[in-house]
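Listed below are the residues making up each chain.
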Amino acid sequence: MAKPARKNSHGVSKADPYAGAAARKGKMSNNIFKMNTDIGQHILKNPGVAQAIVDKADLKQSDIVLEVGPGTGNLTTRILEKAKKVIAVEQDPRMAAELTKRFQGTPAAKRLELNLGDVIKMPQLPYFDVCISNTPYQISSPLTFKLLATSPSPRTCVLMFQREFAMRLFAKPGDKLYSRLSVNAQMWAKVDHVMKVGKNNFNPPPQVESNVVRLTPKNPRPQISYDEWDGLLRIAFVRKNRVLRAAFIGTNSVMDMLEANYRTFCAQNDIQVDDGPLDDATAETMDVDDDVANEDEWDGIMDVDDEDDLPDFFKEEQAKQAAKRQGNPNRKKKGKVAELVRSKVLKVLEETELIEKRARLCDEGDFLKLLYAFNTEGLHFA
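Reading guide: rules and limits
Residues numbered from 1 in each chain as written. Predicted model: local features only at pLDDT ≥ 70, side-chain atom pairs only at ≥ 80, totals over all residues. Heavy atoms only, no water. Axes fitted to C-alpha atoms, helices over the stretch in contact; angles between N-to-C directions. Helix = DSSP H or I, 4+ residues; strand = E, 2+ residues; numbered from the N terminus. Left-handed = near helix turned anticlockwise from the far one by under 90°. Contact = heavy atoms within 4.5 Å. Nonpolar A, V, L, I, M, F, W, Y, C, P; charged D, E, K, R; others polar. UniProt positions renumbered as here; feature names shortened; annotations may be inferred. Buried < 20%, exposed > 50% of the residue type's maximum accessible area, 1.4 Å probe, protein only. Polar contact = N/O pair within 3.5 Å; in protein donor to acceptor, adjacent residues only side chain to side chain. Phe/Tyr/Trp six-rings, centres within 6.5 Å; stacked < 30°, edge-to-face > 60°. Pairing = 2+ DSSP bridges. Right-handed = clockwise from strand over helix to strand, strands pointing away. Parallel < 35°, antiparallel > 145°, perpendicular 65-115°, else oblique. Salt bridge = Lys/Arg side-chain N within 4 Å of Asp/Glu carboxyl O. Core = buried A, V, L, I, M, F, W, Y, C linked by side-chain atoms within 4.5 Å.

This brings us to the packing of helix 14 (residues 336-351) against helix 15 (residues 364-376). A pair of packed helices is characterised by two quantities: the angle between their axes and the separation of those axes. It is the contact of helix 14 with helix 15, at a shortest axis distance of 10 Å, that shows an interaxial angle of 145°. In the packing of helix 14 onto helix 15, the handedness of the crossing is right-handed. In this structure, helix 14 uses V345, V348 and L349 to contact helix 15, whose residues at the interface are L370, A373 and F374. Counted by class, the contact of helix 14 with helix 15 contains six nonpolar, no polar and no charged residues.

It is worth spelling out the UniProt feature "binding site: S-adenosyl-L-methionine" (unreviewed entry) in the protein chain at this point. The positions UniProt marks with the feature "binding site: S-adenosyl-L-methionine" (unreviewed entry) are H42, L44, G69, E90, D118 and N134. Checked against the element boundaries, H42 lands in the loop between helix 1 (19-29) and strand 1 (43-44). Taking the relative accessible area as the measure of exposure, H42 reaches 14% and is therefore buried. Structurally, D118 is set in the loop between strand 4 (112-116) and strand 5 (130-134). From its side chain, D118 meets the backbone nitrogen of I120 in a polar contact 2.9 Å long.

On to unusual backbone geometry, then. Put simply, S151 and P152 share a cis peptide bond, and its omega is 0°. Within the secondary structure, P152 sits in the loop between helix 5 (140-149) and strand 6 (156-162). With an omega of 10°, the peptide bond running from N219 to P220 counts as cis.

This next bit is on the packing of aromatic side chains. In this structure the tally under the stated criterion is nine aromatic pairs. Each ring, one from F248 and one from F381, has its centre 6.3 Å from the other, and the planes form 70°; the classification is edge-to-face. Of this pair, F248 sits in helix 9 (residues 244-248) while F381 is found in the segment after helix 15, placing the two residues 133 residues apart along the sequence. Assigned by exposure class, F248 and F381 land together as buried. Note on F374 and F381: the rings are 5.2 Å apart at their centroids and 85° apart in plane angle, and the pair reads as edge-to-face. This pair shows no difference in class: F374 is buried, exactly as F381 is. Taken together, the aromatic side chains of Y178, W229, F237 and F367 make up a single cluster linked through ring pairs.

All right, on to the environment of R239 then. Residue position: R239 is located in the loop between helix 8 (226-236) and helix 9. Remark: the alpha-carbon pair of R239 and A359, spanning 120 residues in sequence, is separated by 8.1 Å.

Before going further, it helps to examine the pairing of strand 3 (residues 85-90). Strand 3 sits mainly inside the fold: five of its six residues count as buried. Where strand 2 (residues 64-68) lies against strand 3, five bridges are found, and the strand directions are parallel. The residue bridging L66 from the neighbouring strand is I87, located in strand 3. Remark: the strand 2/helix 3 (residues 74-80)/strand 3 crossover connection has right-handed handedness. In the sheet, strand 3 pairs with strand 4 via five bridges, with the strands oriented parallel. Looking at strand 4, one finds that I87 is bridged to E113. In this fold, the crossover linking strand 3 to strand 4 by way of helix 4 (residues 93-103) has right-handed handedness.

Turning to the pairing of strand 2, a few remarks are in order. Burial within strand 2 is extensive, with five of its five residues counted as buried. The alternating pattern of strand 2 places I64, L66 and V68 on one face and V65 and E67 on the opposite face, and all of these are buried. Where strand 2 and strand 5 come together, four bridges link them in parallel fashion. Across the sheet, residue V65 finds its bridge partner in strand 5, namely V130.

Here helix 5 crosses helix 7 (residues 180-188) at 30°, and the two axes come no closer than 10 Å. On the basis of their axis angle, the class for helix 5 and helix 7 is roughly parallel. Relative to helix 7, the crossing made by helix 5 is left-handed. Contacts from T144, F145 and L148 of helix 5 reach helix 7 at R180, L181, N184, A185 and W188. Residues that form the contact of helix 5 with helix 7 fall into these classes: five nonpolar, two polar and one charged.

When their charged atoms lie close together, side chains carrying opposite charge are able to pair. In this structure the tally under the stated criterion is 17 salt bridges. Measuring nitrogen to oxygen at the nearest pair gives 2.8 Å for the salt bridge that ties D275 to R263. A residue pair is termed long-range when its members are at least 10 positions apart, and D275 in the loop between helix 10 (252-268) and helix 11 (280-286) and R263 in helix 10 qualify at 12 residues. In this structure, the salt-bridge partner of K336 is D274, at a minimum N-O distance of 3.3 Å. Pair noted here: K336 is in helix 14 and D274 is in the loop between helix 10 and helix 11, with a separation of 62 residues, a long-range link. For K336, a relative accessible area of 37% gives the class partly exposed. Overall, D274 belongs to the partly exposed group, its relative accessible area being 49%. Salt bridges sharing common partners tie together R180, D230 and R234.

Before going further, it helps to spend a moment on the nonpolar core. For soluble globular proteins, nonpolar side chains are generally found buried alongside one another. Among the nonpolar cores identified, the biggest contains 65 residues, and L244, F248, V345, F367, F374 and F381 are the most heavily contacted of them. With 27 residues, the next largest nonpolar core counts I79, V86, V197 and F202 among its residues.

Pasting the structure below:
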């Protein structure tokens, strides 16, 4: 009678030389690869939460759905059960491969379009009716602005965000979290809170709690230029605790940008401008006064999106401004157009009675009034 095969300490029979390899392979299949949390990879593992997110999107059989960061497809599967097509945008090639494998050979594969790349760097989003996203936290702000600027607007967007970021979408004037994001979101969409999602519903668990929100773009869309509107808000919220007089008159780069845009406006509308130089005495009064620029003590609160979304003209002017402060003898003197633009800015701020108001206390109506007054004077932000 043959002796039974001996087992080692791991319970694997020595008579089967492949058993150990099979066990190792099974273990590896449960851990395909290490998640890259640096780019916000936290897979939603709770099927109940995933189903609730899809249900809140109120999908139709004719819908094309944009899914940002599909991961391994836990949301994708449920979306494909209800929608006509899913356009998934995934940055990680490993995740994209897993998603492809999951649907390979299934009827749903024909209705899944996978785009490998960074959704923020896409010049234009493809047409879609609904956006659903377990959003990588690092792109929360730029993705939100990109969706709000999309035209034609989607019917709805159901998005998972870090809890504090989600709360910014609801913030009101005077709240600590009130920001450019708050004003933009509430200007272009109706914002609804859907649910709270604990960190243990993800693999690996993030360090923060999450919220699901629903953005329903306003229909009809507000009849103003998104770029103009957002350009104004970018300036106002660079330091939201400064009065608007300091944000505009007290910032050389802002005045230079407005002057350049005013020259373009005049050229496009055949308006003649006196481009002569100012006398030294007048030019001296136009230099930004440090007391004006710094009179409002900043309490250190900066919007999460401010640093990344700082207007380009601020960045481009930094070296130039440093040179001016050091007394660069080749600095360009201000001309009559610059003085005209400065007087127009002062006129707008005084007539709207917002000259001494801080951005954090201004509501949507204040910014609309400000934008209309600037545009009436031929001053534009885009």
